[in-house]
Amino acid sequence: MLEPVMFTGGLYKHDLVLELVEDLGGYILQKNVTQTEIILLLLVPSEDMNALEILSRDLRGELVRAPLAGTEVAVVTPTLAIHHLPHVACDIAEYLRRHGSKSNMLGLARGVGREIAQINEYETALINEHDAAVFIFGNFGDCIKKKEDLYRNISVPVIITGGPKIDPEELPYAFGYVPSIGRMAHRTRKATEIG
């Protein structure tokens, strides 16, 4: 069985990690180089994880489980306008990325306000190219319930986030609802604040 993991470390000798994964019969899903650091998304046979852990330790890299490896998630907010800040879209996108997903942020063209919020065909088609979508709403339950038109025609699983506790049955077109993530006056710094 293949296990999804993320290796983060220095560029120096990272090719040893690539060679080991290929020798073990694993796969390299993604390789991101950022100046002097590299992030590798890998699929590695479970029985050979110990060899990769030892090499990662020797290279002073970090190896973590990446359950979302290979997925692409749209992080959708009705608007990125200044009067709706601060919002947690960047924090949610980073949280997904740290678990292996490729996250893409999308601010809707006409998302401002409960009454005029809209999504067009282009935005719908763009979201449907992903594996899933996370819609980020605010702190008002009534407003969240009335924005179902924004995600009703999305064909991939949709997760809704917002501030208040809402019965998921009140959001019939959503795959799930995550409460306690509305507009906050601070940045989310710890995964425990999201999860």
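Relevant structure appears above.
All of the points below concern the structure found in this document. (Residues numbered from 1 in each chain as written. Predicted model: local features only at pLDDT ≥ 70, side-chain atom pairs only at ≥ 80, totals over all residues. Heavy atoms only, no water.)

### Quick word on the pairing of strand β8 (residues 158-161)
Defined as follows: Pairing between strands is defined by DSSP: at least two bridges between them are needed. Helix and strand assignments follow DSSP, with helices taken as H or I runs no shorter than four residues and strands as E runs no shorter than two, numbered in order from the N terminus.
Sheet analysis places strand β7 (residues 132-136) next to β8, joined by 4 bridges and oriented parallel. Looking across to β8, one finds that Ile136 is bridged to Thr161. In this structure, β8 lies alongside strand β9 (residues 176-178), joined through 3 bridges in parallel fashion. Of the residues in β9, the one forming a bridge with Thr161 is Val178.

### Re the side chain of Ser101
Using the following cut-off: Think of it in three bands: residues with accessible area under 20% of the maximum for their type are buried, residues over 50% are exposed, and the middle band is partly exposed, with areas taken using a 1.4 Å probe on protein chains only. Here a polar contact means two N or O atoms within 3.5 Å. Within protein one must be a hydrogen donor candidate and the other an acceptor candidate, and residues neighboring in sequence count only if both atoms are side-chain atoms. Contact definition: two residues touch when any of their heavy atoms are within 4.5 Å.
Residue position: Ser101 is located in the loop between α3 (89-97) and β6 (102-107). In this structure Ser101 comes out as buried when scored by relative accessible area, which is 4%. Engagement of the side chain of Ser101 in a polar contact is seen with the backbone oxygen of Thr71, the distance being 3.3 Å. Setting aside chain neighbours within four positions, we find Ser101 in contact with Leu68, Thr71, Glu72, Val73 and Leu96.

### Some words on the nonpolar core
To keep it simple, the criterion reads: Remark: nonpolar core denotes a set of buried residues (Ala, Val, Leu, Ile, Met, Phe, Trp, Tyr, Cys) joined through side-chain atoms within 4.5 Å.
Counting 21 residues, the largest nonpolar core has Ile127, Phe135, Tyr151, Ile154, Ile160 and Leu171 as the members making the most contacts within it. Mapped onto this core, the elements with two or more residues apiece are β5 (72-77), β7 and β8. Setting aside residues no more than four positions away along its own chain, Ile154 makes contact with Ile119, Thr124, Ile127, Asn128 and Phe135. Judged by nonpolar contacts, the second largest core, of 13 residues, contains Leu18, Leu40, Val44 and Leu52.

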